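Take a look at the letters that make up each chain.
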Amino acid sequence: GQRRRRAVPRQGRQVDENGPLGPTLQTGIGVGQEEHSLVPALQRRRLNLLSRMMFAVTHAALGEATGVPIIFHSRHGDLQRTRELLTAIAARQPCSPNDFSLSVHNAVLGQWSIFRNDQARAEAVATITAGLEHAILLAGGLLAEGADSALVVTCETPGPEPYSPWTQDVPF
């Protein structure tokens, strides 16, 4: 099988050996050993915190199953990437092509689909309020249309400055 490598935590972070998805960083997300052995290095370098959370949670839920519709919900999306793009624009610097191509709300679903070679239906939901509820309703609609199952994944990251005062509204 594949050799598993332990994630090396950034300065100031500790590894929790008993995390719910295996070893995790103290951020509470599954970005440790499991994620690093799951995603090839070339693709992993494109995954930021929000994407790594989505991959870890989705893989934990689906295992090797394919063909399951996924509904991804995030109230604020990838604000870190958005901030980096806006900072570059304000400084009249070129934007990172990687950040630009991955800045849309459904980019993480595209990354997942490519990684898994899975062409199952994938939807991204972003609303100011009741987004998770909308994602669950969408999953119910897929089941009513005949889907055998559907997976709802919700992920949020702390908003970077200067957005953090406006991103404290996530109810979990």
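In this text the structure is predicted, and so the values were computed from the model without any measurement.

*Asks:* Mind laying out the packing of aromatic side chains, listing which residues take part and the relevant values?
*Replies:* Taken as a whole and judged by the stated rule, the model has three aromatic pairs. Consider the rings of F55 and W112, whose centres lie 5.1 Å apart with planes at 85°: the pair is edge-to-face. With F55 in helix α3 (residues 49-62) and W112 in helix α6 (residues 107-116), the pair connects residues that are 57 residues apart, well separated along the chain. With respect to class, F55 is no different from W112; both count as buried. Plain terms: the ring middles of W112 and F115 are 6.0 Å apart, the flat faces sit at 55° to each other, and that makes the pair tilted. Remark: F115 and W112 occur in helix α6; sequence separation between them is three residues, near one turn of the helix. A relative accessible area of 3% places W112 in the buried class.

*Asks:* Could you give me a rundown of the side chain of R116, with the residues and numbers involved?
*Replies:* Inspection of the secondary structure puts R116 in helix α6. From its side chain, R116 meets the backbone oxygen of G63 in a polar contact 2.9 Å long. At a separation of 2.6 Å, a polar atom in the side chain of R116 contacts the main-chain carbonyl oxygen of A65. Non-local contacts of R116, meaning those with residues more than four positions away in its chain, are made with H59, G63, E64, A65 and T66.

Parameters at a glance
Residues numbered from 1 in each chain as written. Predicted model: local features only at pLDDT ≥ 70, side-chain atom pairs only at ≥ 80, totals over all residues. Heavy atoms only, no water. Phe/Tyr/Trp six-rings, centres within 6.5 Å; stacked < 30°, edge-to-face > 60°. Helix = DSSP H or I, 4+ residues; strand = E, 2+ residues; numbered from the N terminus. Buried < 20%, exposed > 50% of the residue type's maximum accessible area, 1.4 Å probe, protein only. Polar contact = N/O pair within 3.5 Å; in protein donor to acceptor, adjacent residues only side chain to side chain. Contact = heavy atoms within 4.5 Å.

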